[in-house]
Amino acid sequence: MSDSRESSENAAHGHVSSVGQLLGIWAALMVLTVVTVAVAQLHFGVFNLLVAMAIAVVKGSLVVLYFMHMKYETPFNAIAFVSSLLFLALFIAVTLLDAREYEPNVIPGYAPVIAQAKGAPAVSPQTATVEHGASTAAGEIDGVVRGTLVDGIVKVEVTANDLMQFSATTIEVPAGATVELTLKHIGSQSKEVMGHNLVILVEGEDFMAYGTAAVAAKEFDYIPPDLNDQVLAHTKLLGGGESDTITFTAPGPGTSDFLCSFPGHFAVMKGKFVTK
Ligand SMILES: [Cu+2]
């Protein structure tokens, strides 16, 4: 009786591979592993990944077919196996699409809410920005822009790019000077996606508070009218390729904040406006 049960179980599990066949597959896997390492030393450019994946697929197939006995299974099991692989590929592909879509909106190293909750200071977004795009079209990160004196007017030019960076972290002008400030958006993204402005606050006002409040003022291009008493001067909201020039009088000696008030940007797009 126990014999018959054993034989019926064997029948259900089907094939028993010979030792020779298993050793053969093992040898093939070892050879392919050596090939993988050897191929890694060669450079095929864009085909590097394809070659590596092709070898990996062959190895994986050998394991699945012989060690996991898929070769001796019914076609139904093969269909179930292959379709589960297809679904896995689909999940990964959709996730990657999503990640790419949102990548431009991610501010490197910026997590103020979490940092506040833990009572720790927020990660300096400035440091993160430098790591993220040290060589950009804007060029001078951590730059002090002093402007040039032309006909009694101090002309200052600041650029902003698609990587959410101002070319200046400090704008320095003589106290009381007439300042002509130009903001150039040197990126290519639209105002809706990567809009930039430059808002100089009155001394004592906090860019974080202003930037947070400005998020709700979309219809005013993120310049909330009820906070105008906090603003010394501001440019228009610009899209890629646009620029705006404003003229204002610098106050007496002091230091205040400037920022881009487009939602999410002030964490990295900010700096000091210094009058001396
Ligand atoms: Cu901006």
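Residues numbered from 1 in each chain as written. Predicted model: local features only at pLDDT ≥ 70, side-chain atom pairs only at ≥ 80, totals over all residues.

**Structural notes on the overall build of the protein**
And step 1. Looking only at helices and strands, one finds 8 helices and 10 strands in the protein.
And step 2. Within the span of the protein, comprising 276 residues, buried residues form 21% of the whole.
And step 3. Pairs at least 24 residues apart make up 68% of the contacts formed inside the protein by residues separated by at least 6 positions. (Helix = DSSP H or I, 4+ residues; strand = E, 2+ residues; numbered from the N terminus. Buried ≥ 20, exposed ≤ 12 C-beta atoms within 10 Å, placed from the backbone. Contact = placed C-beta atoms within 7 Å.)

**Looking at the nonpolar core**
And step 1. Among the nonpolar cores identified, the biggest contains 32 residues, and Phe258, Leu259 and Met269 are the most heavily contacted of them.
And step 2. Looking at this core, the elements that each hand over two or more residues are strand 3 (153–160), strand 4 (170–173), strand 5 (178–185), strand 6 (199–201), helix 8 (207–214) and strand 9 (254–259). (Core = buried A, V, L, I, M, F, W, Y, C linked by C-beta atoms within 7 Å.)

**Section: the sheet that holds strand 5**
And step 1. Taken in spatial order, the 4 strands of this open sheet run 2-3-5-8, and their pairing is mixed. Each having just a single partner strand, strand 2 (148–150) and strand 8 (243–249) make up the two edges of the open sheet. Geometrically, the sheet is characterised by an average inter-axis angle of 30° between neighbouring strands, direction not taken into account.
And step 2. Across 8 bridges, the pairing between strand 3 and strand 5 is parallel. Bridge pairing links Val154 to Val179 in strand 5. (Pairing = 2+ DSSP bridges. Axes fitted to C-alpha atoms, helices over the stretch in contact; angles between N-to-C directions.)

**As for helix 3 (residues 47–67)**
And step 1. Under the 1.5 Å per step criterion, the end-to-end length of helix 3 is 29 Å for 21 residues, consistent within 8% with the ideal 30 Å.
And step 2. Immediately beyond the C-terminal end of helix 3, within one or two residues, lies His69, with a positive phi of roughly 65°. (Expected span 1.5 Å × (residues − 1).)

**Focus on the pairing of strand 9**
And step 1. Here strand 6 pairs with strand 9 via 2 bridges, running antiparallel. Considered in strand 9, the bridge of Ile200 is made with Phe258.
And step 2. Here strand 9 pairs with strand 10 (residues 270–275) via 6 bridges, running antiparallel. In the strand pairing of strand 10, Ser256 is matched with Phe273.

**Notes on the sheet that holds strand 7 (residues 231–234)**
Strands in a sheet are paired, the pairing made by backbone hydrogen bonds, and the direction either parallel or antiparallel.
And step 1. If you walk across this open sheet you meet the 6 strands as 1-4-10-9-6-7, and the pairing is mixed. The open sheet has two edge strands with one neighbour each: strand 1 (144–145) and strand 7.
And step 2. Of the strands in this sheet, strand 6, strand 9 and strand 10 touch helix 8, which is tilted by about 30° from strand 9.

**Describing the confidence of the model for the protein**
And step 1. Within the protein, residue pLDDT values average 82, and 80% of them lie at 70 or more.
And step 2. Within the model, the stretch residues 1–11 combines pLDDT values under 50 with 0 contacts to residues more than four positions away or in other chains.
And step 3. Counting interchain partners and residues more than four positions distant, the pLDDT-below-50 stretch residues 112–141 has 43 contacts. (pLDDT = per-residue confidence, 0-100.)

**Structural notes on helix 2 (residues 19–41)**
Because an α-helix completes one turn every 3.6 residues, residues spaced three or four positions apart along the sequence face the same direction.
And step 1. Helix length check: helix 2, at 23 residues, gives a terminal C-alpha distance of 34 Å against a target of 33 Å (1.5 Å per residue), a fit within 8%.
And step 2. Burial analysis of helix 2 places just 0 of its 23 residues in the buried class, which makes it a mostly uncovered element.

**A look at the environment of Ser261**
And step 1. With respect to the helices and strands, Ser261 occurs in the loop between strand 9 and strand 10.
And step 2. The class for Ser261 is buried, based on 31 C-beta atoms found within 10 Å.
And step 3. Taking the C-alpha atoms as reference points, Ser261 and Val215, separated by 46 residues in sequence, lie 7.3 Å from one another.
And step 4. Those residues in contact with Ser261, other than ones at most four positions away along the chain, are Asn197, Val199, Tyr210, Gly211, Ala214, Tyr222, Ile223 and Phe266.

**Observations concerning unusual backbone geometry**
One can expect most non-glycine residues to show negative phi and most peptide bonds to be in trans.
And step 1. One non-glycine residue, Asp151, lies in the positive phi region at around 50°.
And step 2. On the secondary structure map, Asp151 appears in the loop between strand 2 and strand 3.
And step 3. Here Asp151 falls in the exposed class, since 7 other C-beta atoms lie within 10 Å of it.
And step 4. You will see that Asp221, though not glycine, has its phi angle at about 55°, which is positive.
And step 5. Mapped onto the fold, Asp221 is located in the loop between helix 8 and strand 7.
And step 6. A tally of 17 C-beta atoms within 10 Å means that Asp221 is categorised as partly exposed.

**Brief notes about the packing of helix 2 against helix 3**
And step 1. At a minimum axis distance of 10 Å, the contact between helix 2 and helix 3 shows a crossing angle of 165°. Judged by the inter-axis angle, helix 2 sits roughly antiparallel to helix 3. Pair helix 2 / helix 3 crosses with left-handed handedness. Note on element contacts: helix 3 touches helix 2 through Val51, Ala52, Ile55, Val58, Lys59, Leu62, Tyr66 and Phe67, opposite Gln21, Ile25, Ala28, Leu29, Leu32, Val35, Thr36 and Val39.
And step 2. Class assignment of the residues belonging to the contact of helix 2 with helix 3 gives a composition of 13 nonpolar, 2 polar and 1 charged. (Parallel < 35°, antiparallel > 145°, perpendicular 65-115°, else oblique. Left-handed = near helix turned anticlockwise from the far one by under 90°. Nonpolar A, V, L, I, M, F, W, Y, C, P; charged D, E, K, R; others polar.)

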